[in-house]
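Read off the chains here:
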Amino acid sequence: MNSHELGDDLTYSEDGQQYLSFLLEDEEYGIDILRVQELRGWAPVTPIPEMPDYLRGVLNLRGAIIPVIDLRLRFGLPALVYGPTTVVIVIKVQSEKGERIMGIIVDAVAETYTLATGQIQVSPQIGGVINSEFITGLVAHDDKMIVLMDIDQLMNSGELAVAAPVAG
């Protein structure tokens, strides 16, 4: 295995799975980088009436209309004024009906990591901002934890399960 140290306890590994990390309320979260289609700076979206507050609206992405979700609001965190570091991560979500494209608004994009399976620890079943069913694991990095998220589980739960048409 080719690897080198990034910090006290995080090792870069060319043999592992890659994750894109982003920030919400100074906490770092990671998603499978293969699910990331593109990163976009914040630009206003078209609001849709009578939708949950975390569903900020829709975005025309080169002819495809995609829903955009504010993860802060989805997780019950206080709203934040969007600024120059605010990013919309365009992701591919798998569901029983196929693949669909969605956007998630995050405070900022942080890093990309390549993590070996042995570096990922199982998430304890505890309460918190994020339901543990949306967490695939935890990675210790310096003095903080990176929470790895199951984006399919999160984006197929509740109202989001029917919020977007299947991509064709």
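Quantities reported herein were computed from a predicted structural model and do not represent experimental measurements. (Residues numbered from 1 in each chain as written. Predicted model: local features only at pLDDT ≥ 70, side-chain atom pairs only at ≥ 80, totals over all residues. Heavy atoms only, no water.)

K.L.:
Go over the overall build of the protein chain, please, and point to the residues and values.
P.N.:
Looking only at helices and strands, the protein chain has two helices and twelve strands in total. Taken from the N to the C terminus, the helices and strands of the protein chain come in the order β-β-β-β-β-β-β-α-β-β-β-β-β-α. A buried classification covers 44% of the 168 residues belonging to the protein chain. Accessible surface, the protein chain as shown: approximately 8,900 Å² in total, 51% of it carbon and sulfur. (Helix = DSSP H or I, 4+ residues; strand = E, 2+ residues; numbered from the N terminus. Buried < 20%, exposed > 50% of the residue type's maximum accessible area, 1.4 Å probe, protein only. Areas by Shrake-Rupley, 256 points an atom, 1.4 Å probe, with all protein chains shown as cover.)

K.L.:
Which residues make up the sheet that holds strand β4 (residues 27–32), and what values do they have?
P.N.:
Note on sheets: strands pair through backbone hydrogen bonds, and any given pair is parallel or antiparallel. Taking strand neighbours across the sheet as the criterion, the five strands line up as β10-β3-β4-β12-β11 in an open arrangement whose pairing is mixed. Unpaired on one side and paired on the other, β10 (108–115) and β11 (135–141) mark the two borders of the sheet. Across the sheet, the axes of successive neighbouring strands diverge by a mean angle of 30°, strand direction being ignored. Looking at chain direction, β11 and strand β12 (residues 144–149) are connected through six bridges and run antiparallel. (Pairing = 2+ DSSP bridges. Axes fitted to C-alpha atoms, helices over the stretch in contact; angles between N-to-C directions.)

K.L.:
Describe the sheet that holds strand β6 (residues 55–61), with residues and values.
P.N.:
Taken in spatial order, the five strands line up as β5-β8-β9-β7-β6 in an open sheet, and their pairing is mixed. Each edge of the open sheet is held by one strand with a lone partner, namely β5 (36–41) and β6. In this sheet, adjacent strand axes meet at a mean angle of 30° when their direction is disregarded. Looking at chain direction, strand β8 (residues 87–95) and strand β9 (residues 98–106) are connected through nine bridges and run antiparallel. Bridge pairing in β9 links V90 to G103.

K.L.:
Give a detailed account of the nonpolar core, specifying residues and quantitative values.
P.N.:
Judged by nonpolar contacts, the single largest core of 28 residues is most densely connected at F22, I31, L71, I89, I91, I104 and M155. Looking at this core, the elements with two or more residues in it are β3 (17–24), β4, α1 (71–74), β8, β9, β11, β12 and α2 (151–155). The dominant element in this core, judged by the number of residues it contributes, is β8, at four residues. Residue contacts for I89: discarding those within four places in its chain leaves L20, F22, I31, V36, E38, L39, M102, G103, I104, V106 and V109. Of all hydrophobic cores here, the second largest spans nine residues; its members include V45, L59, I66 and I105. (Core = buried A, V, L, I, M, F, W, Y, C linked by side-chain atoms within 4.5 Å. Contact = heavy atoms within 4.5 Å.)

K.L.:
I'd love a proper account of the pattern of salt bridges, names of residues and values included.
P.N.:
In the structure shown here, the tally under the stated rule is six salt bridges. One salt bridge connects R72 with E25, and the closest N-O pair in it is separated by 2.8 Å. With a gap of 47 residues between them, R72 in helix α1 and E25 in the loop between β3 and β4 connect regions that are remote in the sequence. Owing to a relative accessible area of 35%, E25 belongs among the partly exposed residues under this scheme. Its salt-bridge partner being E38, residue R62 comes within 2.4 Å of it at the nearest N-O pair. One end of the pair, R62, is in the loop between β6 and β7 (64–70); the other, E38, is in strand β5, with 24 residues separating them in the sequence. (Salt bridge = Lys/Arg side-chain N within 4 Å of Asp/Glu carboxyl O.)

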